[in-house]
Amino acid sequence: MSKKLYTLLIYILSYITAQAQNLTDSLNYHLDIQTSNASGITPLWLNANKHGLSSLRTDNSYVRVALERTSASDPNRKWELGYGIDLVKAQHFTSDFILQQAYIEGRWLKGTLTIGSKEYPMELKNQRLSSGSQTFGINARPIPQVRIALPEYWTLPFAKGWFQIKGSVSFGWLTDNSWQRDFTDCKSNYTQNTLMHTKAGYMRIGKDNRPLSVELGLEMAVNFGGTSYKRNPDGSMISFKNGSGIDSYWKAFIPGGSDVNETDYRNVMGNQLGSWVMRINYDTKNWTARLYGEKFFEDHSSMFMLDYDGYGSGDQWDERVKSRYYVYDLKDMMVGLELNLKHFKPVRNIVLEYLYTKYQSGPLYHDHTPSISDHVSGLDDFYNHSLFSGWQHWGQVIGNPLYRSPIYNTDGTIKVQDNRFVAWHAGIDGTILSGLDYRVLASIQQGLGTYSMPYVRPQYNRSYLLEVNYQPPFKGFKGWSITAAYGWDRGAILGNNRGVQFTISKRGTL
């Protein structure tokens, strides 16, 4: 072996060894042991917004072990690898063993490529105090996907520091095939091997050293592919094989095509939905205020609040003959206010939210007909779909949990049975004593059911949470914490429930 080749091999082996050592640097771990007990079912805020790691059963528990290395552990490196594995052994959950997270992630400069299941935070909302985002929430289990993202704001070089952008694009697949079959007993609508596509883009206007900034964004998602099973009026089941080829991926990316069971009326393919989001920030030395809004939509009528309405009559009933449009009302939205007090420990953050979803483009017919030329596409039926199992995963809605998740249903249907409601939500947290923090949530809701299955009269629900977390300040207890929570529901939507939840956690770096 020549001296030059020997030197090259030594260099390569040294480089590989150094990189292997880097992959074990900043390796974080956490261990959780949790138990819950309830009278009735688990109250809403002991169950919701936990990335699907929860159960409605009267008594449930789990042990969780996770290892994670972030791809941003060393921001001075141009590229870096990250990974995570998160395992849960559960009792009285929808699964006895849960692979909560399993992913590998590569970062180059500010961009990332992630493959696998990973928990992602909400955008533009407080993770602990908000009721949740309507499109990309933290209520359901993570979905395996291939995801390309610019996760943090990048300042555009030509805008003198005034404009920053971030966003993501992903394709993934739902993992709840067995749960859907068991929950429905194959006697009501369900889907198998469903695919999912998401995309989101955000823009921030304002310099880092200025107190005022504005953030604008668009979040979109679609369920497509797989096989849908629908119940006929006589009780029999019929199946539809949905498109899953390259053409279907393209129509998911740029909404187009139609579903396999559509004939006269052809809308875009799959269960399309999303949100317009906005937040205004004002940051001072002592406090920060954030005013935000979210407009959820299920199709183009609620996305743009505008629809073509110039169809003809007779033989021209399905032809565009006039320049005429129908404008929908701006009603369905979330409005929130977050206040952060930087130097007042007893009250650190306050969140107030108002959520209205009763309009849904109105209670009118869905499309024009040979006898009715007016095209008013109402009855949007948020989170539900005629062919797919709606915006849910393992029975929990993927968005905001104030939409009553299918896992609450006792009739074996995968359907959000209360998606027309108005709700008020508040959250507050702070520090009582050194190492002792608290969190309080309160929600009040008036529900109307759905357009197709309305309640006889409005139903009400109140849900509350009181939680305290203690982190012992003593030597030898670094990284340990104990959390005790008490939650309760009152009303006809979720029932009358009370429950307690205890969690022991240990976090650290190997």
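First things first, this report covers the structure right here in the doc.

**Here's the deal with the overall build of the protein**
Here is step 1: In terms of helices and strands, the protein carries 5 helices and 25 strands.
Here is step 2: Computed over the C-alpha atoms, the radius of gyration of the protein is 25 Å, within 12% of the 24 Å expected from 2.2 N^0.38 for a compact globule of 510 residues.
Here is step 3: Reported as C-alpha extents along the three principal axes, the dimensions of the protein are approximately 85 × 65 × 50 Å.
Here is step 4: Looking at the protein as a whole, 48% of its 510 residues qualify as buried.
Here is step 5: Across the protein, the fraction of contacts at a sequence separation of at least 24, relative to all contacts at a separation of at least 6, is 62%.
Here is step 6: By element, 61% of the accessible surface of the protein is carried by carbon and sulfur atoms, the whole surface being about 24900 Å².
Here is step 7: Charged side chains of the protein number 53 positive and 46 negative; the gap between the two group centres comes to 9 Å.

**Here we look at the packing of aromatic side chains**
Each pair of aromatic rings is reported with the distance of its centres and the angle of its planes.
Here is step 1: Within this structure, the stated rule accounts for 19 aromatic pairs.
Here is step 2: Seen from their ring centres, Tyr 62 and Phe 93 are 6.0 Å apart, and the 90 degrees between their planes marks the pair as edge-to-face. Pair noted here: Tyr 62 is in strand 2 (residues 59–69) and Phe 93 is in the loop between strand 3 (79–91) and strand 4 (97–108), with a separation of 31 residues, a long-range link.
Here is step 3: Using a relative accessible area of 10% as the deciding quantity, one classes Phe 93 as buried.

**Some remarks on helix 3 (residues 177–184)**
Here is step 1: Those residues of helix 3 that fall on the buried side of the exposure criterion are Asn 177, Trp 179, Gln 180 and Thr 184. For helix 3, the arc enclosing every buried residue in end-on projection is 165 degrees, short of the 170-degree limit, so these residues lie on one face.
Here is step 2: On its buried side, helix 3 packs onto strand 8 (190–192) and strand 19 (392–393).
Here is step 3: Looking at the residues trailing helix 3, positive phi occurs at Asp 185, about 55 degrees.

**What about unusual backbone geometry?**
Outside of glycine, negative phi angles account for most residues, and trans bonds account for most peptide bonds.
Here is step 1: The residue His 51 is not glycine, and still its phi comes out positive at about 55 degrees.
Here is step 2: Positioned with a positive phi, Lys 160 is a non-glycine residue whose angle comes to about 55 degrees.

**What to know about the nonpolar core**
Here is step 1: Formed by 34 residues in total, the largest nonpolar core has its most connected members in Leu 44, Trp 45, Tyr 383, Trp 391, Leu 402 and Tyr 403.
Here is step 2: Those elements that place two or more of their residues in this core are helix 2 (44–47), strand 14 (287–297), strand 18 (349–356) and strand 21 (421–433).
Here is step 3: Of all the elements, helix 2 adds the most residues to this core, at 3 residues.
Here is step 4: Trp 45 has contacts with Lys 50, Ser 131, Pro 401, Leu 402, His 425, Leu 441, Ser 443, Ser 463, Tyr 464 and Leu 465, leaving out every residue within four places of it along the chain.

**Topic: the pairing of strand 2**
Along a regular strand, successive side chains alternate from one face of the sheet to the other.
Here is step 1: Of the pairings in the sheet, the one linking strand 1 (residues 28–39) to strand 2 comprises 10 bridges and is antiparallel in character. Bridge pairing in strand 2 places Asn 28 opposite Glu 68.
Here is step 2: Sheet topology note: the strand 2/strand 3 ladder contains 9 bridges and is antiparallel. Bridge pairing in strand 3 links Leu 67 to Ile 85.

**Details of the environment of Leu 44**
Here is step 1: Within the secondary structure layout, Leu 44 lies in helix 2.
Here is step 2: Take Leu 44: its relative accessible area is 3%, and that puts it in the buried class.
Here is step 3: Residues Leu 44 and Arg 404 lie 360 residues apart in sequence; the distance between their C-alpha atoms is 9.8 Å.

**Looking at the environment of Met 305**
Here is step 1: Relative to the assigned elements, Met 305 resides in the loop between helix 5 (300–304) and strand 15 (306–308).
Here is step 2: The spatial distance from the C-alpha of Met 305 to the C-alpha of Ile 143 is 30 Å, given a sequence separation of 162 residues.
Here is step 3: Setting aside its immediate chain neighbours within four residues, Met 305 contacts Lys 295, His 300, Tyr 326, Val 327, Tyr 328, Asp 329 and Leu 330.

**Examining the side chain of Asn 340**
Here is step 1: Residue position: Asn 340 is located in strand 17 (residues 333–341).
Here is step 2: Here Asn 340 falls in the buried class, since its relative accessible area comes to 17%.
Here is step 3: A polar side-chain atom of Asn 340 sits 3.0 Å from a polar atom in the side chain of Asn 349.
Here is step 4: In this structure, Asn 340 is in contact with Asn 286, Trp 287, Thr 288, Arg 290, Arg 348 and Asn 349, ignoring residues within four places of it in sequence.

Reading guide: rules and limits
- Residues numbered from 1 in each chain as written.
- Predicted model: local features only at pLDDT ≥ 70, side-chain atom pairs only at ≥ 80, totals over all residues.
- Heavy atoms only, no water.
- Helix = DSSP H or I, 4+ residues; strand = E, 2+ residues; numbered from the N terminus.
- Rg over C-alpha atoms; globule rule 2.2 N^0.38 Å.
- Buried < 20%, exposed > 50% of the residue type's maximum accessible area, 1.4 Å probe, protein only.
- Contact = heavy atoms within 4.5 Å.
- Areas by Shrake-Rupley, 256 points an atom, 1.4 Å probe, with all protein chains shown as cover.
- Lys, Arg positive; Asp, Glu negative; His and termini not counted.
- Charge placed at Lys NZ, Arg CZ, Asp CG, Glu CD.
- Phe/Tyr/Trp six-rings, centres within 6.5 Å; stacked < 30°, edge-to-face > 60°.
- Arc of directions from axis to C-beta.
- Core = buried A, V, L, I, M, F, W, Y, C linked by side-chain atoms within 4.5 Å.
- Pairing = 2+ DSSP bridges.
- Polar contact = N/O pair within 3.5 Å; in protein donor to acceptor, adjacent residues only side chain to side chain.

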